[in-house]
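Geometric and topological summary
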Amino acid sequence: MTLGRLVVGLPMTQAVAARAASEFDAVQPDRPMSMDQIAEAAAAHNAEAILLTAGMHVSAGFLDRLPADLKVIATASVGYDHIDVAAASKRGVVVTNTPDVVTDATADTTMLLLLGASRRAKEHVRNMEGGWKIRNGFDQGLGWEVTGKTLGIVGMGRIGRAVAQRARGFDMPIVYHNRRRLAPELEQGARYFDKLDDMLPHCQVLSLNLPGGQGVLMTAEKFALLPRGAVFVNSARGSLVDEGALIWALASGQLAAAGLDVFQKEPAYDTRLNDLPNTFLLPHIGSATEETRNAMGFRALDNIAAVLSGRPAPDALKA
Ligand code: DGY
């Protein structure tokens, strides 16, 4: 007796796949399925649950193709800008995400981007890959110190606060912009700005840590408000950034460097970003650790198990 019929849209970690197989009547692929393939598998299996992840687009049209028995779509990601939650709710389908468990890995990745961009890691790694042909002189290949620089954080939720906690270890004064001001025990001395435009001129480093799905935040005007030579870091969502404006800011020296884990288009990202020497780019690996991917998969299965057992999902999203 299993908890119900599940279609898993992509290969999960071994531990998560094993649990899915033992608790559910689960269809599990050996490579990521397209949305068409998921819809077909869900219909063929008369699925009650679907497990997928960020970048797998759940539109109203996709929902229309799913069996009437479908009760829950669980995304193994904290972000859910790829899911039309309102359309799912209208159909009576619960949508869940995986908050909390991605916080540390994503904050660690933010620090990796911050350090990689500031210390020109891409150029130095390329040099080593090429057999260390460039012998940097005393005044060459120089990056920019992170220690002591003022860090601006946009989005002071769990991940933003975890970034602030790490940055304090680098003696970075923290300023932040958020919909609401945090309580002093969460602020930990960080200075609040209720207007982003007022904060940007103070940010020697700027990190985006807010959810996607709310349009473009970083336009040419916003980049121009940063102090010249600032470092920009994005581990949140590429949709928050006008990449044309970012390229202008990097090429003109308005930004010294950028560290990016997320892009407007993934994986077909704008490779002009890579052509610039002053970028440090990663392929959306914010949560990609053994521990975190297991925790995300388990959390998604917990949510599915709850719904299929008639209990409220711990991480049900509101439209
Ligand atoms: C998330 O959790 O939203 C990440 O971007 C996916 O790994």
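You'll find the structure just up there.
Residues numbered from 1 in each chain as written. Predicted model: local features only at pLDDT ≥ 70, side-chain atom pairs only at ≥ 80, totals over all residues. Heavy atoms only, no water.

Right, let's get into the nonpolar core. Membership of the largest hydrophobic core comes to 47 residues, with the highest contact counts inside it found for Leu6 and Ile304. The dominant element in this core, judged by the number of residues it contributes, is helix α13 (residues 290-308), at seven residues. When residues of this core are assigned to domains, at least three map to each of domain 1 (5-101 + 290-308) and domain 2 (103-281). Among residues more than four places away in sequence, those in contact with Ile304 are Leu6, Phe24, Ala49, Ile50, Leu51, Val72 and Ala74. Judged by nonpolar contacts, the second largest core, of 30 residues, contains Met218, Ala258, Phe263 and Leu273. (Core = buried A, V, L, I, M, F, W, Y, C linked by side-chain atoms within 4.5 Å. Buried < 20%, exposed > 50% of the residue type's maximum accessible area, 1.4 Å probe, protein only. Helix = DSSP H or I, 4+ residues; strand = E, 2+ residues; numbered from the N terminus. Domains from an automatic or database assignment. Contact = heavy atoms within 4.5 Å.)

Here Gln37 lies in helix α2 (residues 35-45). Judged by its relative accessible area of 41%, Gln37 falls in the partly exposed class. In this structure, the C-alpha to C-alpha distance between Gln37 and Met111, residues 74 residues apart in sequence, is 37 Å. There is a polar contact of 2.8 Å between the side chain of Gln37 and the backbone nitrogen of Ser34. (Polar contact = N/O pair within 3.5 Å; in protein donor to acceptor, adjacent residues only side chain to side chain.)

Let us now look at the pairing of strand β4 (residues 72-75). Neither face of β4 is left uncovered, since the one carrying Val72 and Ala74 and the one carrying Ile73 and Thr75 both have all their residues buried. Crossover connection from β4 via helix α4 (residues 85-90) to parallel strand β5 (residues 94-96): handedness right-handed. (Right-handed = clockwise from strand over helix to strand, strands pointing away.)

Now for helix α6 (residues 121-129). The set of residues buried in α6 consists of Ala121, Lys122 and Asn127. Close packing links the buried residues of α6 with α5 (103-118), α12 (272-275) and β12 (279-281). With its phi angle positive at about 85°, Gly131 sits one or two positions after the end of α6.

Strand order across the open sheet formed by five strands is β2-β1-β3-β4-β5, with parallel pairing between neighbours. Looking along the sheet, the strands with just one partner apiece sit at the ends: β2 (25-27) and β5. With strand direction ignored, the average angle separating the axes of adjacent strands in the sheet is 20°. Against the sheet, α13 contacts β1 (5-8), β3 (49-52), β4 and β5, and its axis sits at roughly 170° relative to β3. (Pairing = 2+ DSSP bridges. Axes fitted to C-alpha atoms, helices over the stretch in contact; angles between N-to-C directions.)

Remember that the coordinates give geometry; whether it matters functionally is a separate question.
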